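One letter stands for each residue in the lines below.
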Amino acid sequence: MTTIAIIGNPNSGKTTAFNRLTGASQRVGNWPGVTIEKKVGHIRHRGDLTLVDLPGVYSLSPYSPEEVITRDFLMQERPDAVINIIDASHVERSLYLTTQIIELGLPTVLVLNMMDDAAKAGLTIDRTKLAEALGCEIVETVALKNRGLDQIAAAVDRTLAAPAPRPVAYSDDFEHFLTAVTAALGDAVPAGQARWYALKTAEGDPAVRASVPSDRLEHAETLIKAYEKHADDDRLEIVANERYAAVGRLTETSVKAHETAGRSPSDKVDRVLTNKWAGIPVFIAVMGLVYYISITAVGGPLTDWVNDEFLGAWAVPGTREFLTAQGVDPTIIALLVDGIISGVGAVLGFLPEIIVLFILLTVLEECGYMSRVAFIMDRVFRHFGLSGKSFVPMIISTGCGVPGIMSSRTIESERDRRITAMTTTFMPCSAKLPIIAMIAGALFRNSALVALSAYLLGIVMILLSGIILQKFKGFSGRPAPFVMEMPVYHWPLLATVVHSTGQRSWAFVQKAGTFILLACVIIWFLSSFDSSMTLVDDINDSMLAAFGNAITWVFIPLGFGQEWEFTVATITGLLAKENVVGTFGTLFGLAEDDGQGLWATVAGLLNPVAGYAFLVFNLVCAPCFAAIGAMHRELGSWRDTGKAVLYQCTLAYAVALIIYQFGMLICYGTCGIGTVAAIITMVLLTYVVVAKDPFGSFRRQLGQPEAIA
Amino acid sequence: MTATLGQLKCGESGTVIRVAGEGALRKRILDLGLTKGCRVTVIRNAPLGDPIEIAVRGYRLTIRRAEAAAVELA
């Protein structure tokens, strides 16, 4: 079994190439210990050539998790060969990585991808000259159009049979220096990697230096310091300059750019999409379009069809009839039909909407517009310790939180990724719209301000959480820098859109299938039986109702605890947020569509302030189980997921408390213990947000050791 | 004081002398090709003023002005 690693810069078309090379043989998992995808497969029709997809990187530094995974794999697993995918329009920058791979002593096949774009940009690449200069096989491809990929396997075969590639030559001075360092390190380095170790030691790479015995390191260090003095530069710059100079020599005879007059088509598009005046309006329009297509025009109606027609009119009653006719026990029928089918079905019912959202998201990613979104929004997010990349998940979450959370994967900084995954559900998703509609209709004369305030609240909560969460141990550290390549725009490939949407939708279905099934059964059970385990006809007598009654006092300071139905509705919202309004209907014995009846009832039970507090609580507290499952996938452990949910519920409670109590004070002049509690909460919240290290002083008081920053 | 990339206005260019700073950010900037002798041009600001989009080594990069201040230019 021959193992081949696929490596390349981000945006080099590596993913498309990998997908096309492996086809159905690819399996997706995670690299151990991190939530970064690991894809393994084999080249089509060549079951002997296993391909491992390494994360996109620009270099083999020891800093970002992607780089660490990649270099560890190359250094420790020692694949038999490496396929380095390069964007042919950016040969110089790409070869920076290639030279490092070769220095690791790994046989390499260079794939010049996106040759069509390079040709359009007026670049000519002399493949033979470059192959000779590098000492590698070179294959030209256009992965998007499936051209040239069939040559790769043969190139790999030839490479495996050939001797290891010779490393690139640096300046004479530097080469002398390297020879001395290599000698100094001697046999302390693994075979075949001597040059790599010498270079990394000279560069000051902390990980490599830590693995070298200290006496050798000291000796090398003397040489390095002397060279730094001689070159009047520091080691990091010395090596980077040498490497780029060497790459320049490699490409000067083989890569020629014709002086193309005017700007590239991609640049012309950017002049409109990111200019000072049109940038933001265009962006709002694009996001509005995403929302419109996924919720109003296509996704929403399809979802309604699945819920109302397929499930409501056919599957649920049909199954019930069938089972009854078979003489199955009524309790089992109830479990299967009302519990499992209805429950899981309701969640799967949002699959059409989710599929549409994934399609739109993939299109925007693939064409390159997502980078522009991050570029435009970064200024706002920077002040809250996040970056513009956190904005995209927020947009998606206005449709559904599950794809929103999943899209946080593209954020490179682990800290930002985790914070985004935890907070993106503060944006009202489409399932929460019925709750907004109910409160607005029953208590605020259908004012549009209710919905608007809900979205604004979501944004504020996310930004606030960016500040608050940073102060926790698990999220500390300097904010990640925002240095990002702006890829050239190009038309997304249908196959990629289909493939990506399929993969992500399947991940959602798996969550629905496994996790939610269990939750559905539990909630059905609790709402159908009373504590003596007898089936009840009226949900008011069930265990769920008893539970609701028992804990409803918790919500009295928030204004909606006096009626247990609100507590129960909130709990059923954990399954799917649409259930909140639906449950009211069931509990009050009314059809939810009969706006008058339900809204009148709600208006009779809550005043507007309490209603708004109820809305806020449901918007900010734990999202539905599907979203919790998606969070688990991004955060990696149940413990962290539990902490995230706890954070969300605590924040929801605090904010709803403040809103209700201060609202009652301002609008009705009522004051009491609740007001005091709200004031204290407000002060605590302000303190946590404003103080530099609020938990540090708390820890010190408890006598606990200081957190490692 | 030498000019830095953080100070360049739209359309202006400069040649890199050195990259100040330390750690992962400095390494990333160097890895991406902002090395001595390299020509960089500021293409545009984001609509809200920051970050900036620069042209370097034939491709486009965005970077916040605060981080770009580490890149010293001639």
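Owing to the predicted nature of the structure, the values given are computational and were not obtained by experimental measurement. (Residues numbered from 1 in each chain as written. Chains lettered and ligands numbered in written order. Predicted model: local features only at pLDDT ≥ 70, side-chain atom pairs only at ≥ 80, totals over all residues.)

Caption draft 1: Fine view of the overall build of chain B. The secondary structure content of chain B amounts to two helices and six strands. Listed N to C, the secondary structure of chain B is β-β-α-β-β-β-α-β in terms of helices and strands. Relative to the compact-globule value of 11 Å for 74 residues, chain B shows a C-alpha radius of gyration of 11 Å, a close match. In terms of principal-axis extent, the alpha carbons of chain B reach across some 30 × 30 × 20 Å. For chain B, the proportion of its 74 residues judged to be buried stands at 53%. (Helix = DSSP H or I, 4+ residues; strand = E, 2+ residues; numbered from the N terminus. Rg over C-alpha atoms; globule rule 2.2 N^0.38 Å. Buried ≥ 20, exposed ≤ 12 C-beta atoms within 10 Å, placed from the backbone.)

Caption draft 2: Representation of the overall build of chain A in the model. In terms of regular secondary structure, chain A is built from 32 helices and ten strands. Over its C-alpha trace chain A gives a radius of gyration of 30 Å, about what one expects of a compact globule, namely 27 Å for 709 residues. Expressed along its principal axes, the backbone C-alpha trace of chain A runs to roughly 85 × 65 × 55 Å. Of all 709 residues assigned to chain A, the portion counted as buried reaches 45%. By sequence separation, contacts in chain A at least 24 residues apart represent 69% of the contacts at least 6 residues apart. (Contact = placed C-beta atoms within 7 Å.)

Caption draft 3: Quick peek at the interface of chain A and chain B. Counting residues at the interface gives 29 residues for chain A and 31 residues for chain B. Of all the secondary-structure elements, those providing two or more residues to the side of chain A that touches chain B are α3 (91-103), α11 (235-252), α13 (279-297), α17 (369-382) and β10 (483-485) of chain A. For the side of chain A that touches chain B, the element with the most residues is α17(A), which contributes six residues. For the side of chain A that touches chain B, the class distribution of residues is 15 nonpolar, six polar and eight charged. Bridge count between β10(A) and strand β5 (residues 59-63) of chain B: three bridges; the pairing is antiparallel. (Nonpolar A, V, L, I, M, F, W, Y, C, P; charged D, E, K, R; others polar. Pairing = 2+ DSSP bridges.)

Caption draft 4: Geometry of the sheet that holds strand β6 (residues 71-73) of chain B. Spatially, β10(A)-β5(B)-β4(B)-β3(B)-β2(B)-β6(B)-β1(B) is the arrangement adopted by the seven strands of the open sheet, whose pairing is antiparallel. Sheet topology places β10 of chain A together with β1 (3-4) of chain B at the edges, where each strand pairs with a single neighbour. Here helix α1 (residues 23-31) of chain B sits on the sheet in contact with β10 of chain A together with β2 (13-19) and β6 of chain B, set at roughly 130 degrees to β2(B). (Axes fitted to C-alpha atoms, helices over the stretch in contact; angles between N-to-C directions.)

Caption draft 5: Representation of the packing of α13(A) against helix α16 (residues 351-367) of chain A within the structure. Residues and elements named next belong to chain A. Remark: α13 packs on α16, axes separated minimally by 8 Å, with the N-to-C direction vectors making an angle of 155 degrees. Considered as vectors, α13 and α16 are oriented roughly antiparallel to each other. When the axes of α13 and α16 are compared, the crossing they make is right-handed. Seen from α13, the contacting residues are Val290, Ile293, Ser294 and Ile295; seen from α16, they are Glu353, Val356, Leu357 and Leu360. (Parallel < 35°, antiparallel > 145°, perpendicular 65-115°, else oblique. Left-handed = near helix turned anticlockwise from the far one by under 90°.)

Caption draft 6: Main features of the sheet that holds strand β4 (residues 49-53) of chain A. Residue and element names in this part refer to chain A. On the basis of which strands lie adjacent, the open sheet formed by seven strands has the order β2-β3-β4-β1-β5-β6-β8 and mixed pairing. Looking at the sheet topology across the chains shown, the edges are occupied by β2 (27-30) and β8 (137-140). Mean inter-strand twist for the sheet, computed between neighbouring axes without regard to direction, equals 25 degrees. One ladder, built from five bridges, connects strand β1 (residues 2-8) with strand β5 (residues 81-87); its direction is parallel. Opposite Ile7, over in β5, you have Asn84 as the bridge partner. Helix α5 (residues 127-134) contacts β6 (108-113) and β8 of the sheet and is inclined by roughly 150 degrees relative to β8.

Caption draft 7: Layout of the domain arrangement of chain A. Residues and elements named next belong to chain A. Per the domain assignment, the segments making up chain A are domain 1 (2-161) and domain 2 (172-257). Among the elements that make up the side of domain 1 that touches domain 2, the one with the highest residue count is α3 (six residues). Partitioned by chemical class, the residues of the side of domain 1 that touches domain 2 number ten nonpolar, four polar and four charged. (Domains from an automatic or database assignment.)

Caption draft 8: Broad picture of helix α25 (residues 564-572) of chain A. The buried count for α25(A) comes to eight of nine residues, which makes it a mostly enclosed element. For α25(A), the complete set of buried residues consists of A:Trp564, A:Glu565, A:Phe566, A:Thr567, A:Val568, A:Ala569, A:Thr570 and A:Thr572.

Caption draft 9: Structural view of the packing of helix α21 (residues 433-443) of chain A against helix α28 (residues 608-620) of chain A. Residues and elements named next belong to chain A. Direction vectors running N to C along α21 and α28 enclose 175 degrees, while the axes themselves pass 10 Å from each other. What the angle tells us is that α21 and α28 run roughly antiparallel. In this structure, α21 uses Ile435, Ile436, Ile439, Ala442 and Leu443 to contact α28, whose residues at the interface are Pro608, Gly611, Tyr612, Phe614, Leu615 and Asn618.

Caption draft 10: Up close: the nonpolar core. Residues and elements named next belong to chain A. Among the nonpolar cores identified, the biggest contains 203 residues, and Val111, Ile439, Ala613, Val616 and Ala656 are the most heavily contacted of them. When residues of this core are assigned to their parent elements, the largest contribution, ten residues, is made by α28. Two domains each put at least three residues into this core: domain 1 (2-161) and domain 2 (172-257). With residues near it in sequence (within four places) discarded, Val616 still touches Leu457, Val655, Ala656 and Ile659. (Core = buried A, V, L, I, M, F, W, Y, C linked by C-beta atoms within 7 Å.)

Caption draft 11: The arrangement of the environment of A:Val328 in detail. Residues and elements named next belong to chain A. Note that Val328 resides in the loop between α14 (299-325) and α15 (330-348). Sequence separation between Val328 and Asn84 is 244 residues, and the spatial gap between their C-alpha atoms is 61 Å. With residues near it in sequence (within four places) discarded, Val328 still touches Leu323 and Ile333.

Caption draft 12: Fine view of the environment of B:Gly37. Along the polypeptide, B:Gly37 turns up in the loop between α1 and β3 (39-45). Setting aside residues up to four positions removed in sequence, B:Gly37 forms contacts with B:Thr15 and B:Val16.

Caption draft 13: Local environment of α17(A). Residues and elements named next belong to chain A. Here α17 is 14 residues long and its end C-alpha atoms lie 20 Å apart, about the 20 Å a rise of 1.5 Å per residue gives. Along its length, α17 reaches its greatest deviation from straightness, about 40 degrees, at Ile376. Most of α17 sits inside the fold, with ten of its 14 residues counted as buried. (Expected span 1.5 Å × (residues − 1). Bend = angle between axes of the 7 residues up to and from the residue.)

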